[in-house]
Amino acid sequence: TCRVAAGALANVAMAEPNQAQILQGGAVELLAMFARDCVDPSSARMVAGCVANLCGHERTERSLHECGGLALVLRVAERWVPKSKEVGTQVARA
């Protein structure tokens, strides 16, 4: 499911050495697909959490923005934050 895949990617994204490869490998596009197909708040929370894990370092934040990560977080926020406090927490981290 989207939740499991986004969660696995979020775990890998916690390690800074993996972040550039994740972004270069098209993760934002994959996460956008997951976000579009989310049917529950826990899946949206995992998507937002993965983006949040990719933030925190200037180089990856720049790449994340260039790949459309900010727009992705905004789409998740608009759809899911009103329905889930946990999604809001992950969006705030990102």
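Residues numbered from 1 in each chain as written. Predicted model: local features only at pLDDT ≥ 70, side-chain atom pairs only at ≥ 80, totals over all residues. Heavy atoms only, no water.

Asker: Is there a simple way to think about the nonpolar core in this case?
Answerer: What tends to happen in soluble globular proteins is that the nonpolar side chains get buried as a cluster. By size, the foremost hydrophobic cluster in this structure holds 28 residues, and its most contacted members are Leu 31, Val 47 and Val 76. Elements with a contribution of two residues or more to this core: α1 (2–13), α2 (16–24), α3 (27–37), α4 (41–54), α6 (69–80) and α7 (85–93). In terms of residue count, the dominant contributor to this core is α4 (six residues). Setting aside residues up to four positions removed in sequence, Val 47 forms contacts with Ala 6, Leu 31, Phe 34, Ala 35, Cys 38, Leu 72 and Val 76. (Core = buried A, V, L, I, M, F, W, Y, C linked by side-chain atoms within 4.5 Å. Buried < 20%, exposed > 50% of the residue type's maximum accessible area, 1.4 Å probe, protein only. Helix = DSSP H or I, 4+ residues; strand = E, 2+ residues; numbered from the N terminus. Contact = heavy atoms within 4.5 Å.)

Asker: What is the right way to read the packing of α3 against α4 from this model?
Answerer: When two helices pack together, their arrangement is given by the angle between the helix axes and by the axis-to-axis distance. The N-to-C vectors of α3 and α4 enclose an angle of 155°; their axes lie 9 Å apart at closest approach. By the criterion of interaxial angle, the relationship of α3 to α4 is roughly antiparallel. At the point where α3 passes α4, the crossing takes the left-handed sense. Judged by residue contacts, Leu 31, Phe 34 and Ala 35 of α3 engage Val 47, Cys 50 and Val 51 from α4. Classifying every residue of the contact of α3 with α4 gives six nonpolar, no polar and no charged. (Axes fitted to C-alpha atoms, helices over the stretch in contact; angles between N-to-C directions. Parallel < 35°, antiparallel > 145°, perpendicular 65-115°, else oblique. Left-handed = near helix turned anticlockwise from the far one by under 90°. Nonpolar A, V, L, I, M, F, W, Y, C, P; charged D, E, K, R; others polar.)

Asker: How should I be thinking about the packing of aromatic side chains in this particular structure?
Answerer: What characterises a pair of aromatic rings is the spacing of the ring centres plus the angle enclosed by the ring planes. What the rule picks out here adds up to zero aromatic pairs. One Lys or Arg, Lys 83, reaches over the ring of Trp 80 and ends 5.0 Å from the middle of that ring. (Phe/Tyr/Trp six-rings, centres within 6.5 Å; stacked < 30°, edge-to-face > 60°. Lys NZ or Arg CZ within 6 Å of the ring centre and 35° of its normal.)

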